[in-house]
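# What the coordinates show
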Amino acid sequence: MLVLALVVLVGLVAATAVLARPKDALPRTNATALLPPDGHREVERVDDVVTVREYALSSGGPMMSSGPMQLFFALDDPEKLLESSFLRLLETTVSGGEVTHSVTALELGANGVRRSLDVAGQRMRQWVPAPLVLPTDVAAGASWRSSGSVNEFDGFEAVGSMPYDFSASAAVPTDTAHAADGCLDITRTERVGDADANNSTETWCPGRGVVAGGPGTVADSPNPTDPGLGVPASWKPQSWAPEVVDLNKTPPMVWASALPQVGTDEALVVAHRTTGDLLIAPGGDVDRAVRAHPGGAILAIASFGDLVVTATSRATVVAHDIRGVWQWEAGLTDVATLPPALVDGRVVVADGSGNVTALDARTGERVWSTSLADQVVSTPVGCGATTLVGTTGAELVILDEAGQERATASLSDRSEAFSCGGRGEAYSAGLSWLERIAPDGTVLVRRHMHDAIIHDLHAFDGVVVTASGRAITAYDDQTLERLWRLDGDFFDTAMADASIIAIDTERILALDLQGREVASWPSDAARDGFGAHLIPTATGVGIVAPDQQYTRLR
Amino acid sequence: MRVRQQAGAVAAFVGHVLVAPVRDGRLRPAQWHPALRLLAALTLVAVLAALAHIIAAEEMRGAGALVPVGPDMYLPSAAMPMTSIGIFLAMTLLQTAALHLSVPLRVVSLVALAAATTGTVSQTSDDGWLLWVPLGSLLALVVFHLVRIGRRFSTVEVLVVAVLVFCCTQLGMVDADEALRLGFETRGMVLTTQMQFVWMLAVPALLAAGTALTQVAVTSGEAVGTVASRRLGPLGMQALIGVLVLWRCWVSVMDFAGTTTDLWLPDLFGTLLALALAAALAAPFVVRARKVPDRERAETGALADSFGGVSYLLAALATLWMVLPQSLLGVQALLLKLEVEGPHWLWDLAEIPNQALAPSVSRLVAGALCLLPAWRLAGRGKWLGAVLVASFMGPQVVFLLTTLSPEAPLGFSGEALGLWLQLALLATVAVVAARGANQRRLAALLAAAAILTLHDFRHVLENPLAAVIGFSALAAILFGVTWRVLTDGEFTHGDSRSFPQGTRVLLYLANILFVTTVVMFSALTRDATGFFDISPWEELGDDVFAYPLYFTAVLVALFVAAVDPRRDETPQSSAMTSSVRSSSESSTRV
């Protein structure tokens, strides 16, 4: 009986392990060893033209969910979409201030990589059958060809069909370094319709895909566009008017985002949940949305002016500009799930292992990194050149401009929100206590709050305002005596420029610092009690409702 | 010769602080049923694997493949098998133990499994066998409980329970591929659902683990007094006491320097009120016990021994009831899946543990529930446990008052407690100076000063672990878990018809695995803001459940120093508790 018990128990433990074994959400493919991994990026600069190639690996379902809609045509048999795996090549070209994007869908099959679709803006080319770009067992000396037809679309409207003839051959690269790395030069000849044959040679390297190379190119060149880091908000809510954009106008586009949206006056930015794509829609126009791929899944997102910064599941921080142009990437020790902050021209990010890292916002270079004894519980906050960080040990750690611990304040309870006030003082809102902290870490004043789960805290000149799901409350910034309180079911607030914007189940309202309502607009974005997140921009706020209606107030 | 003396002193100290508790608390597997030894071996392997996951947490998270398991929370996919195994094995151990427990405990364990099961099946997309097999297995386990009433532990029980628990908790993991093709890893949510209930079962052990640093500080302080009294003369003792008293005065001044009176006065007042309430509550028990000739003696070591069981009992009573309302969430999820609209009162009941008053009231009630058996024990001369319960309840009254009236000038803090104890120490020094110092009084005075000092430095113990693991809270919990595992095995030595040894062993193993699994899950998800953050439990254990031992130990030592209740006994017999005696003897032999 004991032996039977041993066998059964070990068997059940083994079965438990098998059922919970890691299953990669990304498709595993043996299409060819030359394929790059998800998130791989190559940057090429030829004269003044910068080309960024970002690779995104996904199965068909998530790829469709991210869009663009035309990708639905990427398969001969759409029924097999869920079973298929794709490598998307997201190519961004910057030339003379102009930015163009294109997407190439490469289907990963048993016999190699096939090019299914090219999308550039509204124009699309569908290759039927999809030509073989790389056979599985490609080697120097191999050659292959495909032929068929190319269907051209403008949006979803077919505008023509032409025959195509495609041939390619593989050779050892002339570049000895590439040759030593096992790369192959793929020379292809492509003739579409009556046009002249287009000849080109690309160098494919194991684990990198098409690599940058040739005279005049600079690989991994950061910062192609130098985006602005924003200006102080200028809000005049009395004169704001709502403008509604339907994000669902191109079904079945799904804006599957687990993270709050960010954006600027010009564009809405969404972190797509299942592909890890960054979707940037100018003015919320989904037809003009461009995609970038930081790599892995996006765990946190923030925007600072025209710079969009993401933290990924690959333990990296990746920056793009608001036009979708990759700027830089930096590695972390652990993944970060708190949104990065901008402090004195630096992107400060706290990872899950208690490391706080400051990166140059323009280059991504690490300026400093410090390791705390406890985990970080809230997004770092800038206070002049110092950085405020709250830890699980109910401490406020004040880091100086070199990342050194200048002071530590012991708080009454774990902080849920910080804000920086005048004279370098900090304010902390915990579960029950609002505290005012001197720059040397001394707690100057402590006041019990009648609100819990504070989701926003902002120190204005003379007034500190807290916002919870139950009330917006203002306190004197010196004594922390309560000045006024407005009860309500507030799902989110945004505060800047002596204005408080809040959303409840029926409306968005604007308050001044005396608690007076200065404007309001009906809104059912928070009707269902979730998904209501205000997106502050330089001149107003935006909000995406669960029914995918994007409202801008400015 | 001098080196030998010093080595002897160190050996006596180590023997007192480390060897004796571990020796007394070790397991005795030779007395166990063979099936229990098999389960213990499996548990040991699982615990070691979980520890390896904890140590490698940062590397596993940085490796890239993360599974979302909640808002802003990700688990390395490579850790999913170990998490699942931990849940399965711990639940199997608990359910097997529950077959021989009292009816209320059977209900709690079955409700926890039921909640995990309903929560799991509600996550599946299948309405067929993946729904009905787990629910059927749950029903079968209830029937098995009835069948096994009055029977002795047997290997068959382990087999049947393991298979049924597997069907209840693990079949939900089958249904993942379709969602995965759409980019969603649903198994992460299944694990999270199960962990919510496993977590609640592990809370008593987490709280107990949070008290370990104080336990070690108290036994160390007592050992300092005992060992020094045997190695130093009166002058040396007085010098050492003087240094510690001065140091503690400095610490007390620094605790309050730079803060305004409105910040610390409420704490001072509230802490004094808590101490007064604790003394008032403890007094009847002490008076009752004084009538028993063979009563427990006022010894810090004996107090620390009593604390092990008392802290577990208080933690369990204060938290395990939450399993019942929380399990309604699983019922709600299942009703939603079956498209049945459940009554709203289910939600209201499930929300009870989240009410602001719930923690204070439940801790107070837990203390009150312990008072009745404590009264009986005091009648038999066992009063130390009752004093600990009373010491626990004093601060709870203050916590309840501050929750009810947040604006009232009341508080309770370690700094304020330290100041009051420091004042008591100074007063006792004066009394001893006035009455005349003997070696026993000086030993007790030194023990009190050492406990106060070492308590300030207790977190030093977690530093080596923190260097490996990265976080002090995690290190403190891990230290506490290890300490309690090594020293709490005495619980498994007993055997009775109502609480047989097999059940004790199974509960002990389940407890270890529950707490190790939740610590691993917390370390791997790095949840700092949500449900799976262990640091609040560590803080609660350290601040709320350990303080009674801390201040009672100091006050008992000061009482001994001031009154010297054993002045008529020979110094040899009075210097040591039984545990100290044996360790000192062994060190003498060394």
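Keep in mind that what you see is a predicted model, and the values were worked out from it rather than measured. (Residues numbered from 1 in each chain as written. Chains lettered and ligands numbered in written order. Predicted model: local features only at pLDDT ≥ 70, side-chain atom pairs only at ≥ 80, totals over all residues. Heavy atoms only, no water.)

## Some remarks on the overall build of chain B
How we decide: Helical segments are the DSSP runs of H or I of at least four residues, strand segments are the runs of E of at least two, and each set is numbered from the N terminus. Atoms considered for the radius of gyration are the C-alpha atoms alone. The globule rule reads 2.2 Å times the number of residues to the power 0.38. Burial here depends on accessible area, computed with a 1.4 Å probe over protein chains only, as a share of the maximum for the residue type. Under 20% is buried, over 50% is exposed, and the range in between is partly exposed. By definition in these notes, contact holds between two residues if any of their heavy atoms fall within 4.5 Å.
Helix and strand content of chain B: 26 helices and two strands. Taken over C-alpha atoms, the radius of gyration comes to 25 Å for chain B, in line with the 25 Å a tight globule of 590 residues would show. Taking the principal axes of the C-alpha coordinates as reference, chain B spans close to 80 × 55 × 50 Å. With 590 residues in all, chain B has 57% of them scored as buried. Put simply, of all contacts in chain B between residues at least 6 apart along the chain, 83% involve residues at least 24 apart.

## Regarding the state of the cysteines
Residues and elements named next belong to chain A. Counted only if it meets this: What counts as a disulfide here is a pair of cysteine sulfur atoms lying within 2.5 Å.
Here the structure, examined in full by the defined rule, presents two disulfides over all chains. In this model, C183 is linked to C205 through a disulfide, with the two sulfur atoms separated by 1.9 Å. Taking the torsion about the sulfur-sulfur bond, which here is approximately 105°, the covalent link between C183 and C205 counts as right-handed. Of this pair, C183 sits in the loop between α3 (176-180) and β10 (184-192) while C205 is found in strand β11 (residues 198-205), placing the two residues 22 residues apart along the sequence. Judged by its relative accessible area of 3%, C183 falls in the buried class. Disulfide partner of C383: C420, at an S-S distance of 2.0 Å. Here the disulfide of C383 and C420 is right-handed, its torsion about the S-S bond being about 65°. Of this pair, C383 sits in strand β26 (residues 381-383) while C420 sits in strand β30 (residues 417-420), placing them 37 residues apart in sequence.

## Digging into the sheet that holds strand β31 (residues 426-429) of chain A
All names here are of chain A. Selection rule: Strand pairing is assigned whenever DSSP detects at least two bridges linking the two strands. Helix axes use the C-alpha atoms of the stretch in contact, all axes being lines fitted to C-alpha atoms, and the angles between their N-to-C directions lie in the range 0 to 180 degrees.
With antiparallel pairing, the four strands of this open sheet are ordered in space as β30-β31-β32-β33. At either end of the open sheet lies a strand with only one pairing partner, and these are β30 and β33 (443-448). Sheet twist, expressed as the average angle between the axes of neighbouring strands with direction ignored, equals 15°. Sheet analysis places strand β32 (residues 433-437) next to β33, joined by five bridges and oriented antiparallel. Looking across to β33, one finds that R436 is bridged to V445.

## Observations regarding the sheet that holds strand β39 (residues 499-503) of chain A
Residues and elements named next belong to chain A. Taken together, the four strands give an open sheet; going across it, the order is β38-β39-β40-β41, and neighbouring strands pair in antiparallel fashion. Edge positions in the open sheet fall to β38 (492-496) and β41 (517-522), since each of these has one partner strand only. Across this sheet, the average inter-strand angle for adjacent strands is 15°, counted without regard to direction. Taken together, the four bridges between β39 and strand β40 (residues 507-511) define a ladder with antiparallel strand orientation. From the neighbouring strand, I501 faces β40, where its bridge partner is A510.

## Overview of the interface of chain B and chain A
In many reports, interface size means the accessible area that the parts give up when they come together. Applied cut-off: Once two parts are joined, some of their accessible surface, as seen by a 1.4 Å probe, is lost; buried area is that loss totalled over both. Any pair of nitrogen or oxygen atoms within 3.5 Å is treated as a polar contact; in protein, a donor-acceptor pairing is required on top of that, and neighbouring residues in sequence qualify only through side-chain atoms on both sides. Charged residues are taken to be Asp, Glu, Lys and Arg, nonpolar residues to be Ala, Val, Leu, Ile, Met, Phe, Trp, Tyr, Cys and Pro, and polar residues to be all remaining types, Gly included.
The interface is formed by 55 residues belonging to chain B together with 53 residues belonging to chain A. With both sides pooled, the region where chain B packs onto chain A buries about 4,600 Å², and carbon together with sulfur makes up 65% of that total. The three residues of chain B that bury the most area against chain A are B:R181, B:L263 and B:F471, which together make up 13% of that side's buried surface. Where chain B meets chain A, there are nine residue pairs in polar contact (both at pLDDT 80 or more). Those elements that place two or more of their residues in the side of chain B that touches chain A are α2 (34-55), α3 (57-62), α4 (80-98), α7 (155-169), α8 (177-181), α21 (472-487) and α23 (535-545) of chain B. Of the residues contributing to the side of chain B that touches chain A, the split by class is 30 nonpolar, 13 polar and 12 charged.

## Looking at unusual backbone geometry
In the segment running from A:V128 into A:P129, the intervening peptide bond is cis, with an omega of -10°. In this structure, A:P129 sits in the loop between β6 (123-128) and β7 (132-135). The backbone of B:R526 shows a phi angle near 55°, a positive value even though the residue is not glycine. In this fold, B:R526 is placed in the loop between α22 (501-525) and α23. Residue B:R526 is classed as buried on the basis of its relative accessible area, which comes to 6%.

## Description of the side chain of B:S252
Counting through the fold element by element, B:S252 comes out in helix α11 (residues 234-256). By relative accessible area, which is 6% here, B:S252 ends up buried.

## Remarks on the environment of A:L71
All names here are of chain A. In this structure, L71 sits in the loop between α2 (60-66) and β3 (85-95). The class for L71 is buried, based on a relative accessible area of 1%. Along the chain, L71 and S116 lie 45 residues apart, while their C-alpha atoms are 9.0 Å from each other. Not counting residues up to four positions away in its chain, the partners in contact with L71 are M63, M64, R88, A105 and L117.

## Some details on the pairing of strand β23 (residues 346-350) of chain A
Residue and element names in this part refer to chain A. Buried residues dominate β23, accounting for four of its five residues. Where strand β22 (residues 341-343) and β23 come together, three bridges link them in antiparallel fashion. Paired with V343 across the two strands is R346, which belongs to β23. Taken together, β22 and the strand that follows it, β23, pair antiparallel across an intervening segment of two residues, in which D344 is found at a positive phi of about 55°. Counted along the chain from β23 to the antiparallel partner strand β24 (residues 355-360), the turn is four residues long, and its residue G354 has a positive phi close to 80°.

## A closer look at the confidence of the model for chain B
For residues with low pLDDT, the predicted coordinates do not support detailed interpretation. All names here are of chain B. We apply this condition: Per-residue confidence from the predictor is reported as pLDDT, which spans 0 to 100.
Of the residues in chain B, 94% have a pLDDT of 70 or more, and the chain-wide mean is 85. Per-residue pLDDT, averaged within each element of chain B, yields its smallest value for helix α26 (residues 578-589) (36) and its largest for α4 (95). Ignoring residues within four places in sequence, the model shows residues 568-590, a span with pLDDT below 50, making 38 contacts including any to other chains.

## Regarding the pattern of salt bridges
Between side chains of opposite charge, a pair can form when the charged atoms approach closely. Worth spelling out the cut-off: Any Lys or Arg side-chain nitrogen located within 4 Å of an Asp or Glu carboxyl oxygen qualifies as a salt bridge.
With the rule as written, the count across this model stands at 36 salt bridges over all chains. A:R414 serves as the salt-bridge partner of B:D533, at 2.5 Å between the closest nitrogen and oxygen. With B:D533 in the loop between α22 and α23 and A:R414 in the loop between β29 (405-410) and β30, the pair connects residues from two separate chains. For B:D533, a relative accessible area of 4% corresponds to the buried category. One salt bridge in this structure joins B:R148 and B:E157, with 2.8 Å as the shortest N-O distance. Taking relative accessible area as the criterion, B:R148 reaches 12% and is therefore assigned buried.

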